[in-house]
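Working through the structure, step by step
Now for the letters of each chain:
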Amino acid sequence: QVQLVESGGGLVQPGGSLRLSCAASGSIFSINTMGWYRQAPGKERELVASISSGGITNYADSVKGRFTISRENAKNTVYLQMNSLKSEDTAVYYCRWNHYALNYWGQGTQVTVSS
């Protein structure tokens with residue numbers, strides 16, 4: 001019902017920056033929440049940041065002050081600007097869209113922070 005297409009992942013050195021994008025298409029409800037999650041090898045998937053259609057944001061403590069989530073409602077697109085990247089940020093990042101019981105995930109994009 002909702003398809004999510006991600007882009008922007010890649011390899012970056014510590015202290016560098018990346019910008020992830022996720023575009024949603026399909027049966028989009030005007031009221032929804034979009035967010036970014038990540039999963040590193042051997043770890044559970046965790047919330048990185050989320051943003052409601054009203055613009056309310058939430059961040060994991062580990063990324064506060066470094067990452068910024070934003071959205072462009074007209075394009076049904078959410079962004080994640082990642083600055084001052086650390087090796088601990090290395091993971092597969094997934095975009096998520098939800099409206100109450102409706103939940104969809106993107107395919108995931110690899111982010112690797114290494115020298």
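This write-up is about the structure you can find in this document. (Residues numbered from 1 in each chain as written. Predicted model: local features only at pLDDT ≥ 70, side-chain atom pairs only at ≥ 80, totals over all residues. Heavy atoms only, no water.)

**A word on the pattern of salt bridges**
Summed over the entire model, instances satisfying the criterion amount to five salt bridges. Two residues, Asp-89 and Arg-66, come together in a salt bridge whose shortest N-O distance is 2.8 Å. With a gap of 23 residues between them, Asp-89 in the loop between β8 (77-82) and β9 (91-99) and Arg-66 in the loop between β6 (57-59) and β7 (67-72) connect regions that are remote in the sequence. Of the two residues, Asp-89 and Arg-66, neither departs from the other in class, the shared state being buried. In this structure, Glu-72 and Lys-75 form a salt bridge, with 3.9 Å as the shortest nitrogen-oxygen distance. A network of salt bridges, in which partner residues are shared, links Arg-38, Glu-46, Arg-66 and Asp-89. (Salt bridge = Lys/Arg side-chain N within 4 Å of Asp/Glu carboxyl O. Helix = DSSP H or I, 4+ residues; strand = E, 2+ residues; numbered from the N terminus. Buried < 20%, exposed > 50% of the residue type's maximum accessible area, 1.4 Å probe, protein only.)

**A short note on the pairing of strand β4 (residues 33-39)**
Within β4, five of the seven residues are buried, which leaves it mostly tucked inside the rest of the structure. Pairing analysis gives six bridges linking β4 to strand β5 (residues 46-52), with the strands arranged antiparallel. Along β5, the bridge assignment pairs Arg-38 with Glu-46. Relative to β9, β4 runs antiparallel, the two sharing seven bridges. Bridged to Met-34 within β9 is Trp-97. (Pairing = 2+ DSSP bridges.)

**Things to note about the packing of aromatic side chains**
Taken as a whole and assessed by the stated rule, the structure comprises four aromatic pairs. Note on Phe-29 and Trp-97: the rings are 6.4 Å apart at their centroids and 25° apart in plane angle, and the pair reads as stacked. In this pair, Phe-29 sits in the loop between β3 (18-26) and β4 while Trp-97 sits in strand β9, placing the two residues 68 residues apart along the sequence. Assessed through its relative accessible area of 33%, Phe-29 is described here as partly exposed. Centre to centre, the rings of Tyr-94 and Trp-105 are 6.5 Å apart; their planes meet at 85°, and the pair counts as edge-to-face. Of this pair, Tyr-94 sits in strand β9 while Trp-105 is found in strand β10 (residues 102-105), placing the two residues eleven residues apart along the sequence. (Phe/Tyr/Trp six-rings, centres within 6.5 Å; stacked < 30°, edge-to-face > 60°.)

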